[in-house]
Amino acid sequence: MTQFSLFNEGPLVLLDDATGRIVYEENVIDAATADRWFQQLLNSTIWSQKRRVMYERELDVPRLTAHFGFRDESWPEPLAEAMQHVSRHTGHAFDSIGLNLYRDEHDSVAMHNDRLADLMEGRPIALLSLGTARRMLIRSKATPRRRFDLDLIPGSLLLMDWQSQHHYDHGIPKQTQPVSPRISVAFRARRRDD
């Protein structure tokens, strides 16, 4: 297991080999802007509670979600601004934003990889973190087993290339100690079948 601290300087390349590329960078968004975006999104009406069948019963998904795609007429503030900033910073164009609101220590997302059939091949996924820092786990699917534990701080960006989704899962576990809300803003380039 590789564990990273909250205080890294510059981009941190977690992975760059035949299994993919994953890069983490702090302070991509300055603290004041990150806090403003967090408050705007947290206090907006975009959030919904989804339900999913698990263990033979229907349960609430342990977080709130929202999604905006290229066909949406208008995106709430500050998503257009965030999209421009992340696209300029990474050099990649995105057309879809998925949001997760982790309200407290009980909210989580299980280990998973993004559904590659939904994404444009070769295009990365960029995760912008707002609000309280939360731990993300990244694990290889096959041997040799590799695991990265990473604290995603507000204003940071995690860039995972398309190939990494074949070989690695990622998730946000529940926590045992109380924690304030965090919003994950995921930028993707989706397949357009029109």
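Read on for a plain summary of the structure. Just so it is clear, the model here is predicted, and its values are computed rather than measured. (Residues numbered from 1 in each chain as written. Predicted model: local features only at pLDDT ≥ 70, side-chain atom pairs only at ≥ 80, totals over all residues. Heavy atoms only, no water.)

1. What to know about unusual backbone geometry
Okay, so step 1: Residue Glu77 is joined to Pro78 through a cis peptide bond whose omega torsion reads 5°.
Okay, so step 2: Positionally, Pro78 belongs in the loop between β6 (64-68) and α2 (79-90).
Okay, so step 3: The peptide bond linking Thr143 to Pro144 adopts the cis configuration, its omega dihedral lying at 0°.
Okay, so step 4: Tracing the sequence through the fold places Pro144 in the loop between β10 (134-140) and β11 (147-152). (Helix = DSSP H or I, 4+ residues; strand = E, 2+ residues; numbered from the N terminus.)

2. Brief notes about the sheet that holds strand β14 (residues 182-188)
Okay, so step 1: Sheet architecture is open: seven strands sit in the order β2-β3-β12-β9-β14-β7-β6, paired in antiparallel fashion. Of all strands in the sheet, those bounded by a partner on one side alone are β2 (12-17) and β6. With direction set aside, neighbouring strand axes in the sheet form an average angle of 15°.
Okay, so step 2: Here helix α1 (residues 31-42) sits on the sheet and contacts β7 (96-102), β9 (125-131) and β14; the angle it forms with β9, its principal contact strand, is near 85°. (Pairing = 2+ DSSP bridges. Axes fitted to C-alpha atoms, helices over the stretch in contact; angles between N-to-C directions. Contact = heavy atoms within 4.5 Å.)

3. Brief notes about the pattern of salt bridges
Okay, so step 1: Considering all chains together, one arrives at twelve salt bridges under this definition.
Okay, so step 2: As a salt-bridge pair, Asp17 and Arg146 come within 3.0 Å of each other at their nearest N and O atoms. Placement of the pair is Asp17 in strand β2 and Arg146 in the loop between β10 and β11, with a sequence separation of 129 residues.
Okay, so step 3: Accessibility expressed as a relative area gives 31% for Arg146, which makes it partly exposed.
Okay, so step 4: Linking Asp118 and Arg190 is a salt bridge whose minimum nitrogen-to-oxygen distance equals 4.0 Å. (Salt bridge = Lys/Arg side-chain N within 4 Å of Asp/Glu carboxyl O. Buried < 20%, exposed > 50% of the residue type's maximum accessible area, 1.4 Å probe, protein only.)

4. Things to note about the pairing of β2
Okay, so step 1: One ladder, built from five bridges, connects β2 with strand β3 (residues 20-25); its direction is antiparallel. When the bridges of β3 are listed, Val13 appears paired with Val23.
Okay, so step 2: Taken together, β2 and the strand that follows it, β3, pair antiparallel across an intervening segment of two residues.

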